[in-house]
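The residues making up each chain are set out below.
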2 protein chains.
Amino acid sequence: MPVFLDTTQSDFETSFITLLNAKREDSPDVDAVVAGIIQDVRDRGDRAVLDLTAKFDRLTLTADGLAFSREEVDAEIAKVSPADRAALELAAERIRAYHARQMPDDAMWTDPDGATLGWRWTPVGAAGLYVPGGLASYPSSVLMNAIPAKVAGVPRLCITVPTPDGVINPLVLLAARISGVDEIYRIGGAQAIAALAYGTETIPAVDKITGPGNAFVAAAKRRVFGKVGIDMIAGPSEILVIADGDNDPDWIALDLLSQAEHDESAQSILITTDAAFGNNVAQAVEKRLETLERRAIARASWRDFGAVIIVRDLEEAAQLSDRIAPEHLELCVADPDALSAKISHAGAIFLGQWTPEAIGDYVGGPNHVLPTARSARFSSGLSVLDFVKRTTLARMTPEALRAIGPAAERLATSESLEAHGLSVTARLQKLNDPGQ
Amino acid sequence: MPVFLDTTQSDFETSFITLLNAKREDSPDVDAVVAGIIQDVRDRGDRAVLDLTAKFDRLTLTADGLAFSREEVDAEIAKVSPADRAALELAAERIRAYHARQMPDDAMWTDPDGATLGWRWTPVGAAGLYVPGGLASYPSSVLMNAIPAKVAGVPRLCITVPTPDGVINPLVLLAARISGVDEIYRIGGAQAIAALAYGTETIPAVDKITGPGNAFVAAAKRRVFGKVGIDMIAGPSEILVIADGDNDPDWIALDLLSQAEHDESAQSILITTDAAFGNNVAQAVEKRLETLERRAIARASWRDFGAVIIVRDLEEAAQLSDRIAPEHLELCVADPDALSAKISHAGAIFLGQWTPEAIGDYVGGPNHVLPTARSARFSSGLSVLDFVKRTTLARMTPEALRAIGPAAERLATSESLEAHGLSVTARLQKLNDPGQ
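Keep in mind that what you see is a predicted model, and the values were worked out from it rather than measured.

**Student:** Just to check I follow, could you spell out the overall build of chain A for this structure?
**Tutor:** Within chain A, the secondary structure is distributed over 17 helices and 14 strands. Pairs at least 24 apart in sequence give 74% of the contacts found in chain A among residues at least 6 apart. Working note: accessible area of chain A is about 15900 Å², and carbon and sulfur atoms make up 50% of it.

Structure follows, in structure tokens:
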């Protein structure tokens, strides 16, 4: 059974803080192993990648075979059913439409001093997306990572996906094809991250790496950060549902379970103003757990990290929600917009009872790569912005320099940076004495 | 003497790659020390911070004295000359005006399927800015970090600045006051980063930490990343000047020296279409090095990492520039806008000979915290975006769910995530059989 809390109880604050601080992730210390793998790939390039793939994925390849050929992709994609293909295409179209609106604008203006200022956005030159292999090889994640990159205009986009024993999910390849991915490499683990960051004879280095992965992949991304850009290091999934009593308990139970089934470390929390409803949801969860395919995982997650919190009112619910800063937040209340306006920290908000979180995982349009472990306090989900960067622009006229240059000289002097000041002074002297 | 390269020479590519890969930073491995300091602050809070400040800054404080009082700040600020104050205020006003334009827009729309989608930006709840002590305690950096945070609407903004032997730069406190900083702590090093990330009895934890620092500070920021957000890990400063022959060699020499004087590891590069001009600039650098206050630093930087590259034309210059991906790029050519349009990767571009880079360090308006070490390939300078985060929003109507729900069910099934699918199925059943 999950923990039951009630804000009217005297020990609530202590119990809530325990819930907030629950350590949900076992992070095995793989850093030393990963450091060795990265160095090996830097030293030996393709040869290291091939050896490590033989070792970890039981797959013997040659450098020529690192990338899927167009014909290999065609053959795999042909296995996909028309219904699956149509669903993937609908999802891709909706994700593309949403992300197209995120492309930021360039700007350029001239201020009263005559200085022309602005900025310009440009895509990264090359991006690499890590796609896990095996059970966690989700085609939806390929769409969610690849489409924002292509919307951003990234000219070269590649994927690495391990294929243990040579097994690949055809839907992953179809998702890559639909998204416009340019290259697909059948490699995984820290060796894939190292190859993307440093390049090998066969795999040119990229500038940015995104996508989820296991502890080895996460440690490798952390290590190559700085050499290349990375997205966030994602933790186990989370959902917080705020619901009043006017909901179907089974719907809410399924929403909670749709995170719990991901991972034993996932966390599902219900906050409700109605204690009886809270109990009904807990019972509905138990009933669904009897038959759910992934019941072993979902039961462990719900038992160890699940919670039902009874609050006095929705105001209190909003305050607790901001302290949790959930990855996914469902607002199943009469006026979800009003409640949403009270929330500051959440990765994604799902408004109203007709918006189950699973819609957002697949076809809603917004990205499903979202900040976990309370990081919605300071970070955002994946977006087009992750694949562009901004160059600031400034142009002074002689008049503008005359107007603001002296302040720069003064500040340079106060910071004891003489050459900074002189670079302005020399120009101002010319302005004041053109014949000089 | 710096290295002289010429793209027409047969060994150019090899020499250029050597220049690109020059390791400019000695990163002492302080990670173990830093891990110990962070753990100490987590275990002992204020007490650890006070002990470490006594040890490293030779300053004995009590918990009450960790923060500067309003009166202490007033007293220090009173020491600032009117001219320095006016320069700082002009800089602050221009930086504020520039960054105010960066605030991103919220969005909300309803798509043809009846789904309402959008996003909303909110500020982080609290931000902490690290300000180095001693010589590198730059008031301009306080403005550049604090003003974007306040423009973003961050409600609580604090600064940590070490005061070795109790010495503080009054201009730093004035810059903090002008920027609207709420709290100023006289602590530094890894202990300051740990206090900001984890909080102590006296110093509440923040959500985001920005600002430059030494190797200990950088290692601490890397370690607390995830618990809180951080900005980039900045390396030594860099400038690339692309100039044709129609420039004053002394101006260009001073622009190159204004980076070289920062740090022995700084890098200044001139790319020019005019070999004679390149020589003239190198001579002008030597002449200025005779008298420059910081000549020992500037000379070492110019000797070890400086370069003059002769190119055939500006097209080639733009291509080399993108491979360097410079932090600062000056375009001292007849048509800087045309050349700028050919550049994809640069932190900041300074257009034309009347725009020395130093203007951007102080009073131009754009931020001077910019990506170094070729990271302009994938990252941007500090901005308002560093202090806000985006929550995505989605609201389905029953009709919208009917339109796109089946695709979500199909994809959930293909990923073996049964509860995901059922959370949609249960709702669609209700829609199809309302009496159920």
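**Student:** What is the right way to look at the UniProt feature "binding site: Zn(2+)" (unreviewed entry) in chain A in this model?
**Tutor:** Per the UniProt record, "binding site: Zn(2+)" (unreviewed entry) is found at A:Gln259, A:His262, A:Asp361 and A:His420. The named residues occupy 162 residues along the chain; their greatest pairwise C-alpha distance, 55.6 Å, places them well apart from one another. Of note, A:His262 is situated in the loop between α10 (249-260) and β10 (267-272). Here A:His262 is in contact with A:Tyr138, A:Ser237, A:Arg294, A:Ile297, B:Leu417 and B:His420, once residues within four sequence places are set aside. Among the secondary structure elements, A:Asp361 is positioned in helix α15 (residues 357-362). Using a relative accessible area of 7% as the deciding quantity, one classes A:Asp361 as buried. If sequence neighbours within four positions are ignored, A:Asp361 has contacts with A:Ser140, A:Met144, A:Gln259, A:His328, A:His368 and B:His420.

**Student:** Is there a simple way to explain the pairing of strand β12 (residues 328-332) of chain B in this structure?
**Tutor:** Looking down a regular strand, the side chains alternate between one sheet face and the other. Residues and elements named next belong to chain B. With five of five residues buried, β12 lies mostly within the body of the structure. Neither face of β12 is exposed, since His-328, Glu-330 and Cys-332 on one face and Leu-329 and Leu-331 on the opposite face are all buried. Pairing of strand β9 (residues 238-243) with β12, which is carried by five bridges, proceeds in the parallel orientation. Across the sheet, residue Val-241 finds its bridge partner in β12, namely Glu-330. Pairing between β12 and strand β13 (residues 348-351): four bridges, direction parallel. Residue Leu-329 lies in a different strand from β13, and its bridge partner there is Ile-349.

**Student:** Looking at this structure, how should I read the pattern of salt bridges?
**Tutor:** Pairing of side chains with opposite charge becomes possible as their charged atoms draw close. Residues and elements named next belong to chain A. Within the structure shown, the criterion is met by 46 salt bridges over all chains. Where Asp-31 meets Arg-223, a salt bridge forms, and the shortest distance between an N and an O atom there is 3.0 Å. Residue Asp-31 is located in helix α2 (residues 31-44), and its partner Arg-223 is located in helix α9 (residues 215-224); the two are separated by 192 residues in the primary sequence. Residue class for Asp-31 comes out partly exposed when judged on its relative accessible area of 30%. Between Asp-304 and Arg-303 there is a salt bridge, and its shortest N-O distance comes to 2.9 Å. Beyond isolated ion pairs, a larger network of salt bridges with shared partners links Asp-40, Arg-44, Arg-47 and Asp-51.

**Student:** How should I be thinking about the packing of helix α5 (residues 82-100) of chain B against helix α6 (residues 139-152) of chain B in this particular structure?
**Tutor:** Angle between the axes and distance between the axes are the two parameters that describe a pair of packed helices. All names here are of chain B. Between α5 and α6, the shortest axis-to-axis distance is 9 Å and the interhelical angle comes to 35°. Once α5 is placed against α6, the crossing between them reads as right-handed. Residue-level contacts link Leu-88, Ala-91, Ala-92, Ile-95, Arg-96, His-99 and Ala-100 of α5 to Pro-139, Leu-143, Met-144, Ile-147, Pro-148 and Val-151 of α6. Considered class by class, the residues forming the contact of α5 with α6 number 11 nonpolar, one polar and one charged.

**Student:** Explain a negative patch on the surface to me, please; I cannot follow it from the model alone.
**Tutor:** Negative charge collects at one region of the surface, where A:Asp105, A:Asp106, B:Asp105 and B:Asp106 lie side by side. With respect to the helices, strands and loops of the structure, B:Asp106 is situated in the loop between α5 and β2 (107-110).

**Student:** Any chance you could explain the sheet that holds strand β12 (residues 328-332) of chain A here in plain terms?
**Tutor:** Hydrogen bonds between backbone atoms are what pair the strands of a sheet, whose relative direction is either parallel or antiparallel. Judged by pairing direction, the sheet is mixed, and its nine strands sit side by side in the order β1(A)-β11(A)-β10(A)-β9(A)-β12(A)-β13(A)-β14(B)-β3(B)-β2(B) without closing on themselves. Two strands bound the open sheet, and with one partner strand each, they are β1 (3-6) of chain A together with β2 of chain B. Ignoring which end each strand starts from, the neighbouring axes of this sheet average 15° apart. With respect to the sheet, helix α5 (residues 82-100) of chain A is in contact with β2, β3 (116-123) and β14 (388-395) of chain B, its orientation differing from that of β3(B) by roughly 45°.

**Student:** Quick question: what am I supposed to make of the domain arrangement of chain A here?
**Tutor:** How big an interface is tends to be stated in terms of the accessible area lost upon association of its parts. Taken domain by domain, chain A holds domain 1 (31-107 + 122-230), domain 2 (235-378) and domain 3 (396-432). Spacing between the C-alpha centres of domain 2 of chain A and domain 3 of chain A amounts to 57 Å.

**Student:** Help me understand the relation of the copies chain B and chain A, please; the structure alone is not making it clear to me.
**Tutor:** Both copies of the chain are related through a single rotation about an axis accompanied by a shift along the same axis. If you rotate chain B by 180° and push it 0.0 Å along the axis, it lands on chain A with an RMSD of 0.0 Å. Each copy turns onto its partner about a two-fold axis. Taken together, the interface assignments show that 100% of the residues at the interface of chain B recur at the interface of chain A, consistent with an identical surface on both copies.

**Student:** In this structure, what is going on with the interface of chain B and chain A? I would like to understand it.
**Tutor:** If you look at the interface, chain B gives 117 residues, while chain A gives 118 residues. Interface of chain B and chain A: buried area, both sides summed, is about 10400 Å²; carbon and sulfur atoms make up 59% of it. Its largest share of buried area at the contact with chain A, chain B owes to B:Trp354, B:Phe378 and B:Arg427, together 8% of the area lost on that side. At the surface where chain B touches chain A, the tally comes to 12 salt bridges. If you look at where chain B meets chain A, you find 64 residue pairs in polar contact (both at pLDDT 80 or more).

**Student:** What exactly am I supposed to notice about the environment of B:Met144 here?
**Tutor:** Here B:Met144 lies in helix α6. With 225 residues separating them in the primary sequence, B:Met144 and B:Val369 have C-alpha atoms 7.1 Å apart.

**Student:** Looking at this model, I keep getting lost on the layout of surface pockets. Mind explaining?
**Tutor:** Quantified by volume, the second largest pocket comes out at close to 460 Å³. As for the second largest pocket, its lining consists of 22 residues, of which A:Pro104, A:Asp105, B:Met103, B:Pro104 and B:Asp105 are closest to the centre. Within the residue set of the lining of the second largest pocket, elements represented by two or more residues are β3 (116-123) of chain A together with β3 of chain B. Each residue belonging to the lining of the second largest pocket can be placed in one class, and the counts come to 11 nonpolar, four polar and seven charged.

**Student:** Where do I start with the UniProt feature "binding site: NAD(+)" (unreviewed entry) in chain A in this structure?
**Tutor:** Residues and elements named next belong to chain A. As recorded in UniProt, the feature "binding site: NAD(+)" (unreviewed entry) lies at Tyr-130, Gln-191 and Asn-214. Of the residues just listed, which span 85 residues, no C-alpha pair is farther apart than 12.7 Å, and they cluster in one region. Here Tyr-130 shows up in strand β4 (residues 126-130). Sequence-distant contacts of Tyr-130, defined by excluding residues within four places in its chain, comprise Thr-160, Pro-162, Gly-188, Gly-189, Ala-192, Ile-193, Thr-210, Gly-211, Pro-212, Gly-213 and Val-217. A polar atom in the side chain of Tyr-130 sits 2.7 Å from the backbone nitrogen of Gly-189. What Gln-191 contacts, discounting residues up to four positions off in sequence, is Ile-37, Val-41, Val-49, Leu-52, Thr-53 and Phe-56. Here the side chain of Gln-191 touches Gly-188 through a polar contact of 3.1 Å, landing on its backbone oxygen.

**Student:** Would you mind going over unusual backbone geometry with me for this structure?
**Tutor:** One can expect most non-glycine residues to show negative phi and most peptide bonds to be in trans. Positive phi, close to 50°, is recorded for A:Ala325, a residue that is not glycine. Locating A:Ala325 in the fold gives a position in the loop between α13 (314-324) and β12. Judged by its relative accessible area of 0%, A:Ala325 is buried. Positioned with a positive phi, B:Ala373 is a non-glycine residue whose angle comes to about 55°. By secondary structure assignment, the location of B:Ala373 is in the loop between α15 (357-362) and β14.

**Student:** Any chance you could explain the sheet that holds strand β7 (residues 208-210) of chain A here in plain terms?
**Tutor:** All names here are of chain A. One open sheet holds the five strands; their spatial order is β6-β5-β4-β7-β8, and the pairing between them is parallel. One side of each edge strand has no neighbouring strand; the edge strands of this open sheet are β6 (183-185) and β8 (229-230). The sheet contact formed by β4 and strand β5 (residues 156-160) spans five bridges and is parallel. Residue pairing across strands places Gly-128 opposite Cys-158, the latter belonging to β5.

**Student:** Teacher, can you tell me more about helix α10 (residues 249-260) of chain B here?
**Tutor:** A turn of α-helix holds 3.6 residues, and therefore any two residues three or four places apart point the same way. All names here are of chain B. Taking 1.5 Å per residue, 12 residues should reach 16 Å; α10 reaches 16 Å between its end C-alpha atoms and fits that length. The element α10 is extensively covered by neighbouring structure, given that 10 of its 12 residues are classed as buried. The N-cap of α10, judged by a side-chain oxygen 2.9 Å from the amide nitrogen of Asp-250 a few residues on, is Asp-248.

**Student:** I would appreciate a short explanation of the packing of helix α8 (residues 189-198) of chain A against α9(A) in the present structure.
**Tutor:** Residues and elements named next belong to chain A. The geometry of α8 relative to α9 is characterised by a closest axis approach of 8 Å and an angle of 25° between their N-to-C directions. The orientation of α8 with respect to α9, classified from their angle, is roughly parallel. As α8 packs across α9, the resulting crossing turns out to be right-handed. Residue-level inspection shows Gly-189, Ala-190, Ile-193, Ala-197 and Tyr-198 of α8 in contact with α9, the latter providing Phe-216, Val-217, Ala-220, Lys-221 and Val-224. Its residues assigned to classes, the contact of α8 with α9 shows eight nonpolar, one polar and one charged.

Criteria and cut-off values
Residues numbered from 1 in each chain as written. Chains lettered and ligands numbered in written order. Predicted model: local features only at pLDDT ≥ 70, side-chain atom pairs only at ≥ 80, totals over all residues. Heavy atoms only, no water. Helix = DSSP H or I, 4+ residues; strand = E, 2+ residues; numbered from the N terminus. Contact = heavy atoms within 4.5 Å. Areas by Shrake-Rupley, 256 points an atom, 1.4 Å probe, with all protein chains shown as cover. UniProt positions renumbered as here; feature names shortened; annotations may be inferred. Buried < 20%, exposed > 50% of the residue type's maximum accessible area, 1.4 Å probe, protein only. Pairing = 2+ DSSP bridges. Salt bridge = Lys/Arg side-chain N within 4 Å of Asp/Glu carboxyl O. Axes fitted to C-alpha atoms, helices over the stretch in contact; angles between N-to-C directions. Left-handed = near helix turned anticlockwise from the far one by under 90°. Nonpolar A, V, L, I, M, F, W, Y, C, P; charged D, E, K, R; others polar. Patch = residues over 30% accessible without salt bridge, like charges linked within 9 Å, V, L, I, M, F, W, Y side chains within 5 Å. Lys, Arg positive; Asp, Glu negative; His and termini not counted. Charge placed at Lys NZ, Arg CZ, Asp CG, Glu CD. Domains from an automatic or database assignment. Least-squares fit on C-alpha atoms with pLDDT ≥ 70 in both. Buried area = accessible area lost by both parts, 1.4 Å probe. Polar contact = N/O pair within 3.5 Å; in protein donor to acceptor, adjacent residues only side chain to side chain. 1 Å grid on protein atoms, 1.4 Å probe; cavity = no way out; pocket = protein on both sides within 12 Å on 5 of 7 lines; lining within 4 Å. Points joined across faces, edges and corners; volume = space filled by probe spheres on them. Expected span 1.5 Å × (residues − 1). Parallel < 35°, antiparallel > 145°, perpendicular 65-115°, else oblique.

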